[in-house]
Every structure is written in structure tokens, then in C-alpha cells.
Amino acid sequence: MSDILLQLDGVSMQYGRGETAITALAGIDLLVRRGELVAVMGASGSGKSTLLTVAGGLTPPTAGEVIVEGHWLSQLSARELATLRRRSLGFVFQDFNLIPSPTALENVALPLELDGWTSTKAHRPALDALNIVELGDRAQHFPSDLSGGQQQRVAIARAVVGGRSLILADEPTGALDSTTGELVLRMLRSRVDAGAGGILVTHDARHAAWADRIVFLRDGRIADESRASAVSSLLAGSPA
Amino acid sequence: MSVRQSLLAILNQGPCYGYQLRSEFDRRTGSTWPLNVGQIYNTLDRLERDGLVRKADIDAEGQNYVEITDAGRTEVAEWLGSPVVRTLATRDELAIKLAIAVTLPGVDIAQVIQVQRTATMRTLQELTRTKNATTDPESSEQLAWLLVIDSLIFAAEAEARWLDHSESRLARARAAGFAAPLPLNTEVPKRGRPAKTVQAGA
Ligand SMILES: Nc1ncnc2c1ncn2[C@@H]1O[C@H](COP(=O)(O)OP(=O)(O)OP(=O)(O)O)[C@@H](O)[C@H]1O
Ligand SMILES: [Mg+2]
């Protein structure tokens, strides 16, 4: 098995056509390997969310190829794509995207159930995921009864439940205070360190710094990239 | 200066000799700003000259101990009780670089900002990595070190935010058409007093 989880090859995305067309992405090349967390930063409108939706197969790019775990998304049938998304991809949307009527627990268990797990079997890992985001005690509440930050944590639990290999998170810490935000990053980081891969879109420099690589988008292009070196040159290191 | 007061504060715990002071300072600040022995002895000389420390015993190994005086204790209390004042006198190299760069023709400021941002973010990544390799503080030394590293992390974050802010400020200024470079002033300022000055408090 290759260690490349995601490959974007010359990916461009245009919304609309003609006079009013907007180029949201212009020729993006990007690799995400197992064990790698890539942060994406850039001004509002620079194409970060578009990059995630294209990478997650939610919209096909207008040019270029998206390859997830060796599958060329353009070659998959709608059904195959849906299965791949369900099994391999965890998505955290900028607007959470929870389903209002079922409980928090059922929201988190849903992707597993859609994948054929029985509801009782799916509840176990769903509750584990809620516990990690410190919401185990709110499992039976409806999203509307939760605060914005709590809803965001439910969305994050749903994205990582069942050990999916590629986590795509759009501003997952946007509505969270700084310690809760850190909790979420710690979780993302540990999933990635355990062999998943992730893309983290964020405006928060301190959060982006948890990534192995930071990609800077400007007008739909990669303007630059920062890669942390394995050994810090800055500090003598932690005291023994 | 804080080295002087830090050493004095350490001496307030008991007499020390030079090398010992150096290692005490290092372990209390995560070895982030290591001092050399020369600095230590220079500082001790000045502290002694100012009556804040005095020579104490010489031990069997020939180490010269130094101890704090009452005046020294007062100075430590004052240091801990008063804020550290940051003055504009310490030039901010980056702010100066950007301020000058926006006034020059033919400079791609967005690129200047991006180069800096990449460097700042790399620093932040390395600091975060180093910090994450440490779990909860298990000793006072670790706690002190975490405080120092947090301070560096927040400073780098502030720099990154300022760069983002500068970038969008610049974009707005461009859009509004007032980001043109400053031509050289041909009215060369006279030597001595500036020709026109704004009178303070007029
Ligand atoms: N469905 C759409 N139809 C038309 N234009 C769109 C659509 N979605 C995004 N865009 C445009 O594409 C560009 C990139 O948008 P995108 O949402 O990817 O930005 P972003 O970097 O995520 O911004 P933010 O930080 O504000 O979330 C923007 O100019 C946006 O207006
Ligand atoms: Mg967005």
C-alpha cells in the first residue's frame, strides 16, 4: 500500500462561466501522506474551502485529477465515490453540517451505519469519539440544544469516528475557546500520528503550527509552503 | 536589565558562585538564553560595585561565593513588584523593514510579507513541536521552560497575525489607490533644525 493518501494533480476549479466566472483554484499540486497533517492558510476567498471540497470528492474540479488512496475520483461511479467518501474520508465543514433531528450520538454514528454497521455496534465507537471531544455526557442531546462550539466538536467526532484515513477539516476550531481548540488539535494530531492523513484549514497561526507542512494559498494558487524540520534549531530543548 | 535582576533574585535564595549562578539561570529559563561565564562575572562585579552583593566565603574547592545585601533584597522586591516596561527604543527590525518597503517603488510587498510569514510559521511549527514533545509540567524546571516557550509561541503568533493584517491593509490601500511609493524628497532637509516642525502641545 502506498503511503500517499491524497494527491491533487493540476487541480483547478472555476465557478460559473463567461464574464462572471470565478477561478477559485488554479493548478494546485498537493500530496498528503500517511502520518502527515497539512495546514492550509490564506486570506478569505483564497480557495481553502474549495480545495477541501474538491479533495473530498464533493465537487469535481474543472481541471486536473484528484486521487484518493490510489483511486482516481474522475473514474469512479457515483456509488463508488459515495462508498469511498464514507469509508475513507472524514469531513468537518465550516458550518458543522449536523443533522437536526437525531441526537449527537446518532449524528456521530451515522457514517458507520450508512456503511452497514448495526446501530448498536456503531454507538460504541461513536461514544468513544464523543468522549474524546469531552461531550460523552451530551450524547443524547439534539444539536439544537448544544452551543456552537459543542456542535463543532460533535462534527469533529463524526469526522474521525471509525478510524477513517483522511480527515479534511475546515476551520474546525473556529468556534472554540483556546483550550478546547487545543483539545481538538491534539485529537487530530494523534489520529494522524496513528497513520491517518489530514488537511486542516485554519486562520489561526498557533493551530496551523501543529501541522507538518503549511501551505499558503493566494488567489487559488499555492504561494509558498513551510515545512517544519525534524529537529528544532531554536531551542536547546526540554529540561531533563 | 533583566539578567542583572534575575541573578540577584537567584542570590536572594542563598549564596552562589559564578558557575552555579549560570546553571541556575539556565535551568530556570529552559536554557533559552544561555549566559556565558564572562557575562556572569561582569554582572557580579557591577552588582558588587552598586552594593547589592558582596563577597562571601571561599569553599574547600576554592569557589568564591557571593551573597546578597539588604539593598540587593530591596531591589529584588522592587523588580518583582513593578511591571517590565517595553520601550519603543528597541527597534523592531521587521516593522521598519515593511514600513520602508511600502515606500519604495518596484517592491513586491506581498512577496516580502509571504517570505516573512513562511519563516515565522516555521518558527511557530518548531516551537509547537518542541512544546508538544513535553507533556504536563512535572517539575518546576519544566514549568518554567513551558512558560518561556509559550511566550515565544505567542510572540510568533502575534507576528503572523500582524503580517496577515498588514497584507489586507495593503490590499485595501491599493484598491483605494493610495499605496504609491514615496518619491525622494527633493527639498533636502537643512542641517541642524528641520525646516518645519510641529510644535508639541501648541
Ligand atoms: N458555489 C460557489 N459559486 C461561486 N463562487 C464560489 C462558490 N464557492 C466559492 N466561490 C468563490 O470562490 C472563491 C474561493 O472561495 P472559498 O470558499 O474556497 O474561500 P476560502 O479560502 O475558504 O475563504 P474563507 O476563509 O472566507 O472561508 C471565492 O471568491 C468565493 O466567492
Ligand atoms: Mg472557507
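Residues numbered from 1 in each chain as written. Chains lettered and ligands numbered in written order. Predicted model: local features only at pLDDT ≥ 70, side-chain atom pairs only at ≥ 80, totals over all residues. Heavy atoms only, no water.

K.L.:
Break down the site of ligand 1 for me, citing the residues and quoting the values.
P.N.:
All names here are of chain A. The local shell around ligand 1 holds 13 residues, among which Ser44, Gly45, Lys48, Ser49 and Thr50 are the closest. Between an oxygen atom of ligand 1 and a main-chain N or O atom of Gly47, the distance comes to 3.0 Å. For ligand 1, an oxygen atom lies 2.7 Å from a polar atom in the side chain of Lys48. Coverage of ligand 1 by the protein amounts to 62% of the 630 Å² it exposes when considered alone. Residue assignment for the shell around ligand 1 shows that the elements contributing at least two residues are strand 2 (22-33) and helix 1 (48-55). The element that contributes the greatest number of residues to the shell around ligand 1 is helix 1, accounting for three residues. (Near = heavy atom within 4 Å. Polar contact = N/O pair within 3.5 Å; in protein donor to acceptor, adjacent residues only side chain to side chain. Areas by Shrake-Rupley, 256 points an atom, 1.4 Å probe, with all protein chains shown as cover. Helix = DSSP H or I, 4+ residues; strand = E, 2+ residues; numbered from the N terminus.)

K.L.:
Outline the pairing of strand 7 (residues 166-170) of chain A, supporting the account with residue identities and numerical values.
P.N.:
Residue and element names in this part refer to chain A. In terms of burial, strand 7 is largely enclosed, as five of its five residues are buried. Of the two faces of strand 7, the one carrying Leu166, Leu168 and Asp170 and the one carrying Ile167 and Ala169 are both buried. Both strand 6 (residues 89-92) and strand 7 contribute to a ladder of four bridges, which runs parallel. Residue pairing for strand 7: Leu89 is matched across the bridge by Leu166. In this structure, strand 7 lies alongside strand 8 (residues 197-201), joined through five bridges in parallel fashion. Following the sheet pairing, Leu168 is matched in strand 8 by Ile199. Taken together, strand 7, helix 6 (residues 178-193) and strand 8 form a β-α-β motif whose crossover is right-handed. (Buried < 20%, exposed > 50% of the residue type's maximum accessible area, 1.4 Å probe, protein only. Pairing = 2+ DSSP bridges. Right-handed = clockwise from strand over helix to strand, strands pointing away.)

K.L.:
Pulling in residues and values, what's your account of the domain arrangement of chain B?
P.N.:
All names here are of chain B. In terms of domain boundaries, chain B breaks down into domain 1 (2-81) and domain 2 (93-175). If you look at the interface, domain 1 gives six residues, while domain 2 gives five residues. Taking both partners together, domain 1 and domain 2 bury about 460 Å²; carbon and sulfur atoms supply 66% of that area. A salt bridge links Arg27 to Glu141; its shortest N-O distance comes to 2.5 Å. Between the two partners, domain 1 and domain 2, sit one residue pair in polar contact (both at pLDDT 80 or more). Looking at the side of domain 1 that touches domain 2 residue by residue, the classes come out as one nonpolar, three polar and two charged. (Domains from an automatic or database assignment. Contact = heavy atoms within 4.5 Å. Buried area = accessible area lost by both parts, 1.4 Å probe. Salt bridge = Lys/Arg side-chain N within 4 Å of Asp/Glu carboxyl O. Nonpolar A, V, L, I, M, F, W, Y, C, P; charged D, E, K, R; others polar.)

K.L.:
Lay out the interface of chain B and chain A in plain terms, naming residues and giving numbers.
P.N.:
Across the boundary between the two partners, chain B contributes 31 residues, which contact 30 residues of chain A. Interface area for chain B against chain A, summed over the two sides, is near 2,500 Å², with a carbon-plus-sulfur share of 55%. At the junction of chain B and chain A, the tally comes to two salt bridges. Put simply, chain B and chain A have seven residue pairs in polar contact (both at pLDDT 80 or more) between them. Secondary structure elements with two or more residues in the side of chain B that touches chain A: helix 6 (109-132) and helix 7 (140-175) of chain B. The element that contributes the greatest number of residues to the side of chain B that touches chain A is helix 6 of chain B, accounting for 17 residues. Taken together, the residues of the side of chain B that touches chain A break down into 10 nonpolar, 13 polar and eight charged.

K.L.:
Outline the packing of aromatic side chains, supporting the account with residue identities and numerical values.
P.N.:
A ring pair, where both rings are aromatic, is described by two values, the distance of the centres and the angle of the planes. Tallied over the entire structure, the rule returns two aromatic pairs over all chains. On the basis of an interplanar angle of 15° and a centroid distance of 4.6 Å, the ring pair of Phe91 of chain A and Phe93 of chain A is categorised as stacked. Judged by its relative accessible area of 12%, Phe91 of chain A falls in the buried class. Relative to Tyr65 of chain B, the ring of Tyr17 of chain B lies with its centre 5.3 Å away and its plane at 80°, an arrangement referred to as edge-to-face. Taken as a pair, Tyr17 of chain B in the loop between helix 1 (2-11) and helix 2 (18-28) and Tyr65 of chain B in strand 2 (residues 64-68) lie far apart in primary sequence, 48 residues in all. Of note, Lys121 of chain A hangs over the ring of Trp117 of chain A, and the distance from its end group to the ring centre comes to 5.0 Å. (Phe/Tyr/Trp six-rings, centres within 6.5 Å; stacked < 30°, edge-to-face > 60°. Lys NZ or Arg CZ within 6 Å of the ring centre and 35° of its normal.)

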